[in-house]
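Fold and geometry: a report
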Amino acid sequence: MKKFFATVLCLLLGVVQVMAADHPGKESIEKNGYKGPETCEECHPGTTKGFLQSVHWKHASKVNNVEGLDPKKEYGMKNRIYTMCNGNDIVNNLKEIPKSPETGKTKFTGCNTCHPGNHLSDVGSTGADAEGAIDCLVCHSTDYDFRQRKPFKNEKGEVVMGQDRSTKAALAIGKPTVKNCMVCHEAAGGGVLVKRGFAFNKETDAHAAKGMVCVDCHKTKNHKIPTGYDPNNWANDGVRVSCADTACHGNSPHKDAALNRHTARIACQTCHIPRTGGAFAKDFTKWEQGSDKFYEPTTLRKEANETVPVYAWYNKTVKNTPTFIGPKGSRKDKNSKIYPFKIFQGKAFFDKKTGQLLSMDFAPPMATGDTLAGVASAAKTLGIKNYTPVPGWQTIYFGSNHLVTKGKALFCANCHAPNGVLNFKDLGYTDKEILRLTSPEIYLENVLKKQKEDW
């Protein structure tokens, strides 16, 4: 628990920072103040219109590696339904929930709280108003006042997401820091260390220990951000990032030729990310009341680096059913490698007739704990009729791509001893092969050498 609070403190204080060099537009901003994206457009013409086509604005894209999806449609947080969130930007749009029957108080909530707009111009919106609503500084200012980024009602009664558009924040322009990214990405899924289960700091990640920031790996061009192939992360900007990129580690990252041979069928993450964390189970059919008298779905979670991953073959295509979202691949598939995954299981309501997962509007259960009222509200929004809700479980494989370690990476005996972390049987190896793979004969010399070095 101490580690958890330490992570929160680091996030709030922005310990990991990259100081922005003097911005070329500094004099203009000092003289004229900051007027939002139109100020940025003076030096970066066309940038706002381009940003409206990015995943960070649209929360969706066409997806070509997940089974069962229409290649002509776009998918993402805007419209997906799965049991980490059990909702999306459509049914859980930022709004004021009903008043608590016990306290008479209300609050704002919504899946798109992290959307870099003002909510009046919302997910996927286009046009001049949308361009003017972009919160450029939430990602690019090292002196952004995140306390101002909270929802409120304007004079028309519309819910608006506040922004820090101060001159002070605008004068601190630079490339995004870890804090700029992690304010959303570390707190996704209902709280800090829930969805991904990783904290990016020098204690938990070798890249952070080197002073690197998120965009050092996720090198961005025209706001198109490279991502990996997490089975759960569907929307993408069409550009990918990989440890094997020649700009990073390449296909032969080790001095030891024996270790380099492993990279043909074993992903870098398998050895260098031996731990994971975050929520491993949620129950959306049963919500628990907190001290503020509002309700949240029952959640079981661990801190970063507290649990071990599960290993499976993955060819970067995804099996997608109502009860399972995870990697496709096999030992026989030459495009497959062994990867580590965080396993998450979510309980929610399914339609008894179709077997499809039903979405849930969080507003009713958050106020009263009535989960079926949330299902009914979502069904009305989505135009779903004649359904019969029954509880059920869905299993999701999350890719383990952070919490990288060098000093505590898996070594020969961690995998090849009889009690090693890899289940060779489940991975498709025969008994005869397993006997050979778990014999000290194949790793004795290397482990002995390392043992002498360590001692």
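That block above? That's the structure.
Summary of the structure given here.

Conventions we followed
Going along each chain's sequence as written, the residues are numbered from 1 onward. Thresholds applied to this predicted model are a pLDDT of at least 70 for local features of residues and 80 or more for the giving and counting of side-chain atom pairs; totals over whole chains, interfaces and linings are not thresholded and use all residues. Side-chain descriptors were evaluated using all non-hydrogen atoms of the structure, hydrogens and water having been removed beforehand. Stacked, edge-to-face and tilted are the three classes for Phe, Tyr and Trp ring pairs, Trp counted by its six-membered ring, which pair at centre distances within 6.5 Å; planes under 30 degrees apart are stacked, over 60 edge-to-face, the rest tilted. Note on geometry: a ring has a charge over it if NZ (lysine) or CZ (arginine) is within 6 Å of the ring centre and within 35 degrees of the ring normal. Any carboxyl oxygen of Asp or Glu that lies within 4 Å of a side-chain nitrogen of Lys or Arg is treated as forming a salt bridge with it. Secondary structure follows DSSP: runs of H or I at least 4 residues long count as helices, runs of E at least 2 residues long count as strands, and numbering of each begins at the N terminus. Relative accessibility decides the category of a residue: with a 1.4 Å probe and only protein chains considered, values under 20% of the type maximum give buried, values over 50% give exposed, and everything between is partly exposed. By the criterion applied in these results, polar contacts are pairs of N or O atoms within 3.5 Å in which, for protein atoms, one can donate a hydrogen and the other can accept it, and in which residues neighboring in sequence qualify only through two side-chain atoms. Note on contacts: a residue pair is in contact if any heavy atoms of the two residues lie within 4.5 Å. DSSP calls a pair of strands paired once it identifies at least 2 bridges connecting them. The criterion is simple. A nonpolar core is a set of buried Ala, Val, Leu, Ile, Met, Phe, Trp, Tyr and Cys residues joined through side-chain atoms within 4.5 Å.

1. Some details on the packing of aromatic side chains
- As enumerated under the stated definition, the model contains twelve aromatic pairs in all.
- By the ring-pair criterion, three or more aromatic residues cluster together here, those being Tyr 314, Phe 324, Tyr 339, Phe 341 and Tyr 397.
- Note that Arg 80 overlies the ring of Trp 234, its terminal NZ or CZ placed 3.6 Å from the centroid.
- The lysine or arginine in question, Arg 240, covers the ring of Tyr 229, its NZ or CZ lying 4.0 Å from the ring centre.

2. Re the pattern of salt bridges
- Under the criterion given, the structure shown has eleven salt bridges.
- The partner of Lys 107 in a salt bridge is Asp 292, and the shortest N-O contact between them spans 3.9 Å. Here Lys 107, found in the loop between β3 (95-96) and β4 (108-109), pairs with Asp 292, found in the loop between β7 (276-289) and β8 (295-307); they are 185 residues apart in sequence, far enough to count as distant.
- Note that Lys 425 and Asp 431 form a salt bridge whose closest N and O atoms lie 2.8 Å from each other.

3. Overview of unusual backbone geometry
- Positive phi, close to 65°, is recorded for His 223, a residue that is not glycine.
- A residue is classified by how much of its surface remains accessible, and His 223, at 28% relative accessible area, is partly exposed.
- Within the chain, Lys 316 stands out as a residue other than glycine whose phi angle is a positive 75°.
- Mapped onto the elements, Lys 316 comes out in the loop between β9 (310-314) and β10 (317-321).
- What makes Lys 316 partly exposed here is its relative accessible area of 33%.

4. Things to note about the side chain of His 119
- The residue His 119 is located in the loop between β4 and α6 (128-133) in this model.
- Looking at His 119, its side chain comes within polar contact range of the main-chain oxygen of Leu 94, at 3.1 Å.
- Every residue in contact with His 119, bar those within four places of it in the chain, is listed here: Asn 93, Leu 94, Asn 112, Val 159, Val 160 and Met 161.

5. Some points on the pairing of β10
- Pairing between β10 and strand β11 (residues 324-328): five bridges, direction antiparallel. Of the residues in β11, the one forming a bridge with Thr 317 is Lys 328.
- Connecting β10 to the antiparallel partner β11 that follows it, the hairpin turn spans two residues.

6. Here we look at the environment of Ile 338
- Along the chain, the position of Ile 338 falls in strand β12 (residues 337-351).
- With 27 residues separating them in the primary sequence, Ile 338 and Tyr 311 have C-alpha atoms 6.4 Å apart.
- When near neighbours in sequence (up to four residues on either side) are disregarded, Ile 338 contacts Arg 265, Ile 266, Ala 267, Thr 270, Tyr 311, Ala 312, Trp 313, Leu 422 and Leu 427.

7. Some words on the nonpolar core
- Met 84 and Trp 234 are the most contacted members of the largest nonpolar core, which totals 21 residues.
- Those elements giving two or more residues to this core turn out to be β9, β12 and β13 (389-399).
- Once you skip the residues sitting within four places of it in the chain, Met 84 turns out to touch Gly 189, Val 194, Lys 195, Lys 282, Phe 284, Lys 342, Phe 344, Ile 396 and Phe 398.
- In terms of nonpolar packing, the next biggest core, distinct from the first, is built from 16 residues, Phe 350, Met 360, Ala 363 and Met 366 among them.

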